[in-house]
Amino acid sequence: MTSAASAYDIIIIGTGAGGGTLARHLAPSGKRILLLERGDWLPREPQNWDTAEVFINNRYISKDTWYDGDGKAFQPQVHYFVGGATKLYGAALYRMRAEDFGELRHHDGVSPAWPISYEVMEPYYTQAEQLYQVHAARGEDPTEPTASAPYPYPPVSHEPRIQQLSDDLAATGHHPFHAPCGIMLNEANMAYSTCVRCPTCDGFPCLVHAKSDAEVMGVRPALEHSNVTLLTHAQAVRLETNPAGNAITEVIVDHEGHLERYRGDLVIVSCGAANSAKLLLASANDKHPSGLANGSDEVGRNYMFHASQAVLALSREPNPTVFQKTLGVNDYYFRGPDFDYPMGNIQMIGKSQGAMFRGEKPLETKLAPTWALKDVASHAIDFWLSTEDLPRSDNRVTLDRAGNIQLKHRPSNPTAAERLYGQLKSMLGRLGLHPDHLIHRFAYMKSEIPLAGVAHQAGTCRFGTDPASSVLDVNCRAHEVDNLYVVDTSFFPSISAVNPALTAMANAIRVGDHLLQRMGVSAHAAAGRSEQRRTVQ
């Protein structure tokens with residue numbers, strides 16, 4: 001049985017990088033805002049920092065079952081909590097390169113142009129960097145786009161072994177840079193620092209709330225406003241429209257096992273690329289027989305996730321680094337020394353720990369003694385290689401007869417990924433690392449199913465100017481449904497080769513300004529009310 005519908009000015013479905021950021025931006029407007037989160041608050045508990053619990057027991061991973069293109073079941077590495085995927089992300093907050101907004105030719109295909117330019121997005125990147133307290137330095141990365149302001153916080157310093165690696169890279173003609181990190185770190189006065197530079201950041205929840213995630217930086221500040229309401233354990237299962245099919249009238253929500261109805265003048269879907277597509281497809285009706293806002297047949301298509309390789313290199317000397325995710329290399333982002341096509345991004349990831357190998361490669365490590373795994377970890381330097389996944393129409397999300405997600409995907413850019421890995425091997429041979437001792441890690445995965453690693457998912461509801469080839473307009477409003485917006489990574493027409501979180505956050509602020517204007521609230525006035533509230537408090 002469903003309850004009578006409750007009315008709001010704005011309903012935001014999902015509280016991650018898109019929805020959580022948007023909620024904070026809109027909260028000072030005074031409009032009645034309802035946040036729907038299918039999960040709960042992630043519990044603050046000692047297990048947040050327990051490697052075995054996180055990597056072997058999958059304590060925080062959803063119990064969802066999805067299916068691949070052949071109908072084979074797998075467990076996606078998704079996290080349903082207030083703050084969404086950002087609760088366990090590595091907080092690497094990169095801007096897309098300016099060239100990523102234009103058409104880029106790759107060895108295996110084309111990355112299409114966006115309908116907006118980098119210049120349009122730039123001020124929102126700056127706001128997002130300030131909101132999420134990004135630490136980095138301008139001018140170190142040769143591919144970095146122009147910016148209207150410096151980073152709000154200084155770069156996170158390298159520990160000695162990573163500083164040596166940075167120096168060695170520079171000596172061989174590379175341009176290593178301090179990776180942009182969203183953490184609340186005060187190295188100048190550690191007694192007052194929220195972050196303690198622990199080894200359990202990348203891939204872990206932060207027990208002390210020192211990671212700049214969408215819960216801490218988005219949802220919690222939004223809830224300080226009395227006009228914002230959050231419902232947890234509240235999964236949107238269907239969107240219903242008026243008879244003409246051009247406006248959402250109600251959001252049907254499974255709230256703690258009971259169906260409830262909510263009305264919103266504006267409805268924003270921010271469930272993540274796969275689940276946003278699922279919600280629209282599940283909301284088919286007479287006016288939208290193929291799924292809501294799917295007259296173009298583009299909903300669910302062009303699913304992308306980075307062709308990523310987590311690789312550990314064995315150093316001849318120990319690597320006692322604790323907080324390792326401080327360095328990046330983009331020298332091969334657009335081309336290589338003998339490869340005139342984009343290759344991708346190289347960055348550090350969280351430091352290996354022995355228990356991680358048990359979770360990532362359970363069969364291979366089953367008989368290995370714990371001391372041996374710890375010894376491998378103690379000599380490991382860990383890299384994350386990201387190559388752009390090109391959008392393909394047949395890489396898509398569909399629903400099976402039971403309404404479950406079926407995810408069909410085949411690699412779109414394998415040559416560049418292979419070349420980037422080969423480039424890393426070549427680099428390591430000159431840096432005192434053994435080029436033949438590279439071991440692939442499947443970070444955050446218990447099973448070696450690449451499709452399950454959906455942390456960097458994007459696409460499925462691309463934006464554009466042509467309703468025949470896109471789902472959303474340039475403001476991320478559905479072409480066919482006037483009050484429906486999709487504000488997460490679903491709107492990406494291409495994914496670039498850097499982490500997508502900051503772009504999702506910046507776009508949420510951009511769309512937020514559009515929504516304020518649509519509602520007749522100036523962004524300046526809303527910001528003023530927010531500042532006034534902080535002053536009063």
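Just above, that's the structure.
These lines cover the structure that appears in this document, whether it is placed above or below. (Residues numbered from 1 in each chain as written. Predicted model: local features only at pLDDT ≥ 70, side-chain atom pairs only at ≥ 80, totals over all residues. Heavy atoms only, no water.)

### What to know about the overall build of the protein
Next, step 1: When its secondary structure is counted, the protein shows twelve helices and 21 strands.
Next, step 2: In the protein, which comprises 537 residues, the share counted as buried stands at 59%.
Next, step 3: Considering only residue pairs separated by 6 or more positions, the protein has 73% of its internal contacts joining residues 24 or more positions apart.
Next, step 4: For the protein, the exposed area adds up to about 20,300 Å²; of that, 52% sits on carbon and sulfur atoms. (Helix = DSSP H or I, 4+ residues; strand = E, 2+ residues; numbered from the N terminus. Buried < 20%, exposed > 50% of the residue type's maximum accessible area, 1.4 Å probe, protein only. Contact = heavy atoms within 4.5 Å. Areas by Shrake-Rupley, 256 points an atom, 1.4 Å probe, with all protein chains shown as cover.)

### Brief notes about the environment of Ile116
Next, step 1: Tracing the backbone through its elements, the reader meets Ile116 in the loop between strand 6 (109-111) and helix 3 (118-131).
Next, step 2: It is 7.2 Å that separates the C-alpha atoms of Ile116 and Val474, two residues lying 358 residues apart in sequence.

### What to know about the sheet that holds strand 18 (residues 396-399)
Next, step 1: Strand order in this open sheet of four strands is 4-3-19-18, and the pairing throughout is mixed. With partners counted over all chains shown, the strands left at the sheet margins are strand 4 (73-74) and strand 18, one partner each.
Next, step 2: Sheet strands touched by helix 6 (residues 273-281): strand 3 (66-68), strand 18 and strand 19 (405-408). Its angle to strand 18, the strand with the most contacts, is close to 40°. (Pairing = 2+ DSSP bridges. Axes fitted to C-alpha atoms, helices over the stretch in contact; angles between N-to-C directions.)

### Regarding helix 5 (residues 214-223)
Next, step 1: Counting buried positions over the ten residues of helix 5 gives eight, a clear majority of the element.
Next, step 2: Within helix 5, burial applies to Ala214, Glu215, Val216, Met217, Gly218, Val219, Pro221 and Ala222.
Next, step 3: As for helix 5, its buried residues are in contact with helix 1 (19-26), strand 2 (33-36), helix 3 and strand 10 (228-231).
Next, step 4: Of the residues that open helix 5, the one with a side-chain oxygen 3.0 Å from the backbone nitrogen of Glu215 is Asp213. (Polar contact = N/O pair within 3.5 Å; in protein donor to acceptor, adjacent residues only side chain to side chain.)

### Re the packing of aromatic side chains
Next, step 1: Under the defined criterion, the tally for this structure stands at 16 aromatic pairs.
Next, step 2: An aromatic cluster of at least three residues, connected via ring pairs, comprises Phe101, Trp114, Tyr118, Tyr125, Phe463, Phe491 and Phe492.
Next, step 3: A cation over a ring is seen here: Arg138 above Tyr151, with NZ or CZ 3.8 Å from the ring centre. (Phe/Tyr/Trp six-rings, centres within 6.5 Å; stacked < 30°, edge-to-face > 60°. Lys NZ or Arg CZ within 6 Å of the ring centre and 35° of its normal.)

### Comments concerning the pattern of salt bridges
Next, step 1: Using the criterion set out here, one finds 23 salt bridges in the structure.
Next, step 2: Ionic pairing is found between Glu103 and Arg105, a salt bridge with its closest N-O pair at 3.9 Å. Of the two residues, Glu103 and Arg105, both sit in the exposed class.
Next, step 3: With a closest N to O distance of 3.2 Å, Glu159 and Arg197 form a salt bridge. (Salt bridge = Lys/Arg side-chain N within 4 Å of Asp/Glu carboxyl O.)

### A word on the side chain of Lys211
Next, step 1: As for its position among the elements, Lys211 is in the loop between strand 9 (181-182) and helix 5.
Next, step 2: The buried charged residue Lys211 lacks any salt bridge partner; its closest oppositely charged side chain belongs to Asp213, at an N-O distance of 6.2 Å.
Next, step 3: Polar side-chain contacts of Lys211 include one of 2.6 Å to the backbone oxygen of Phe204.
Next, step 4: Every residue in contact with Lys211, bar those within four places of it in the chain, is listed here: Thr86, Lys87, Leu88, Tyr89, Ala91, Gly182, Met184, Cys201, Phe204, Cys206 and Val216. (Lys, Arg positive; Asp, Glu negative; His and termini not counted.)

### Re unusual backbone geometry
Next, step 1: For His209, which is not glycine, the phi dihedral falls at a positive 55°.
Next, step 2: Along the chain, the position of His209 falls in the loop between strand 9 and helix 5.
Next, step 3: Looking at His209, the relative accessible area reads 14%, which means it is buried.
Next, step 4: Within the chain, Glu256 stands out as a residue other than glycine whose phi angle is a positive 55°.
Next, step 5: Position of Glu256 relative to the elements: it lies in the loop between strand 12 (248-255) and strand 13 (258-269).
Next, step 6: With a relative accessible area of 53%, Glu256 lands in the exposed category.

### Points about the nonpolar core
Next, step 1: Ile13, Leu239 and Leu484 are the most contacted members of the largest nonpolar core, which has 109 residues in total.
Next, step 2: Ignoring any residue separated from it by four or fewer positions in sequence, one finds Leu239 in contact with Ile13, Ile248, Glu250, Val251, Val267, Val269, Leu279, Leu280, Ser283, Leu292 and Leu484.
Next, step 3: With 22 residues, the next largest nonpolar core counts Leu169, Leu327, Met343 and Leu424 among its residues. (Core = buried A, V, L, I, M, F, W, Y, C linked by side-chain atoms within 4.5 Å.)

### Quick word on the environment of Asn294
Next, step 1: Within the element layout of this structure, Asn294 appears in the loop between helix 6 and strand 14 (307-315).
Next, step 2: Distance from Asn294 to Leu281, taken between C-alpha atoms, is 8.0 Å for residues 13 residues apart in sequence.
Next, step 3: If near-sequence neighbours (up to four positions away) are discounted, Asn294 is found in contact with Leu281, His288, Val299 and Glu480.
Next, step 4: A polar contact is formed between the side chain of Asn294 and the backbone oxygen of Ser290, at a distance of 3.0 Å.
Next, step 5: From its side chain, Asn294 meets the backbone nitrogen of Val299 in a polar contact 2.9 Å long.

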